[in-house]
Amino acid sequence: MTTVLIADDQPLQCMGFRMLIAGTPGLEPVGEASHGAEAVRMAAELRPDVVLMDIRMPGMDGIEATRQIVASGGRTRVLIVTTFDLDEYAYEGLRAGASGFLLKDARPEELVAGIQAVASGDAVVAPSLTRRLLDAYAHQVLAPSDAPASPESPLNRLSDREREVLVAIGQGWTNSEIAERFVLTESTVKKHVGRVLAKIGARDRIQAVIMAYDAGLVRAKP
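Cut-off values and rules
Residues numbered from 1 in each chain as written. Predicted model: local features only at pLDDT ≥ 70, side-chain atom pairs only at ≥ 80, totals over all residues. Heavy atoms only, no water. Axes fitted to C-alpha atoms, helices over the stretch in contact; angles between N-to-C directions. Helix = DSSP H or I, 4+ residues; strand = E, 2+ residues; numbered from the N terminus. Parallel < 35°, antiparallel > 145°, perpendicular 65-115°, else oblique. Left-handed = near helix turned anticlockwise from the far one by under 90°. Contact = heavy atoms within 4.5 Å. Nonpolar A, V, L, I, M, F, W, Y, C, P; charged D, E, K, R; others polar. Buried < 20%, exposed > 50% of the residue type's maximum accessible area, 1.4 Å probe, protein only. Pairing = 2+ DSSP bridges. Right-handed = clockwise from strand over helix to strand, strands pointing away. Core = buried A, V, L, I, M, F, W, Y, C linked by side-chain atoms within 4.5 Å.

Tell me about the packing of helix 2 (residues 36-46) against helix 3 (residues 62-71), and name the residues and values.
Viewed as axis vectors pointing N to C, helix 2 and helix 3 meet at an angle of 20 degrees, and their least axial separation amounts to 8 Å. It follows from the interaxial angle that helix 2 and helix 3 lie roughly parallel. The chirality of how helix 2 crosses helix 3 is right-handed. Within the contact between the two elements, helix 2 uses G36, A39, V40 and A43 and helix 3 uses A65, Q68 and I69. When the residues that make up the contact of helix 2 with helix 3 are grouped by side-chain class, the tally is five nonpolar, two polar and no charged.

Rendered as structure tokens:
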């Protein structure tokens, strides 16, 4: 059973989420938080598998709440829900440690699939959407460095091929696009991606994208 904590300050929105989750086999709503600080406290108490996190809430917003939940080191993963596609705050939420984001007007089956994906360790944001998001906002919030990686950098653990795969991930390429570019099978690409995530300590593909930008391996379009 996948447990879900709902963090949203809109009662009707909370009710809709709760009804959808409660009516889906394998999902269970375990609580509702109306602001960020309450979400952090309830996540620590209830240890849900997933927090469905709104960004704009009174007091502590969803970004800071996400940062604190992820920093606690627990198993809970955060799925951000936002009103606007390509909302700059959604990117900041991903950088804070969220495993992806969905729009509030997503179809019920998309929301359910997103919760299940996050609970299983996957990222929800599709590569094509990742590319658009980063192209639109990364230059505003990232300042990639031209300096070489320090000796302690996890990037130094990557083989040349794995480094190429990380750059491709950072550019928003799909596994099939990576396979075609490097003349590999998709199963081989999946293995490379898995090793890259493990070596750099990324929770998922989204965090790998952010690390690639932070390291200056990939730059947003001007």
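Could you give an account of the pairing of strand 1 (residues 2-7), naming the residues involved and the relevant values?
Counting buried positions over the six residues of strand 1 gives six, a clear majority of the element. Here strand 1 shows no split at all, with T2, V4 and I6 on one side and T3, L5 and A7 on the other all buried. Bridge count between strand 1 and strand 2 (residues 27-33): six bridges; the pairing is parallel. When the sheet's bridge partners are listed, A7 is paired in strand 2 with A33. Remark: the strand 1/helix 1 (residues 11-22)/strand 2 crossover connection has right-handed handedness. In terms of strand pairing, strand 1 meets strand 3 (residues 50-54) through four bridges, oriented parallel. Bridge pairing in strand 3 links A7 to M53.

Explain the sheet that holds strand 2 to me, and be specific about the residues and the numbers.
Overall, parallel pairing links the five strands, which are arranged 2-1-3-4-5 in an open sheet. Each end of this open sheet is capped by a strand with a single partner; those strands are strand 2 and strand 5 (101-103). For this sheet, the mean angle separating the axes of adjacent strands, direction not counted, is 25 degrees. Here strand 4 (residues 77-82) runs beside strand 5; their pairing, made up of three bridges, is parallel. Note that in strand 5 the partner of I80 across the bridge is F101. Those strands touched by helix 2 are strand 1, strand 2 and strand 3, and its axis lies near 140 degrees from that of strand 2. Helix-sheet contacts for helix 3 involve strand 3 and strand 4, and the interaxial angle to strand 3 is about 160 degrees.

Let's hear about the nonpolar core: which residues, and what values?
Ranked by size, the top nonpolar core spans 23 residues in total, and within it A7, V51, M53, I69, V78, I80 and L94 carry the most contacts. Only strand 1, helix 2, strand 3, helix 3, strand 4, helix 4 (88-95) and helix 10 (205-214) provide two or more residues apiece to this core. No other element matches helix 2, which puts four residues into this core. I178, V196, I200 and Y213 belong to the second-largest nonpolar core, a separate cluster that totals 20 residues.

Talk me through unusual backbone geometry; I want residue IDs and the actual numbers.
A positive phi angle is found at R47, which is not glycine, with a value near 50 degrees. Even without a glycine there, the phi angle at V183 is positive, about 55 degrees.

So what about the pairing of strand 3? Which residues, and what values?
Judged by how many residues are buried, strand 3 sits mostly within the fold: five of five residues are covered. What you see with strand 3 is no split at all: V50, L52 and D54 on one side and V51 and M53 on the other are buried throughout. Note that strand 3 and strand 4 share five bridges and pair parallel. Paired with M53 across the strands is I80, a residue of strand 4.

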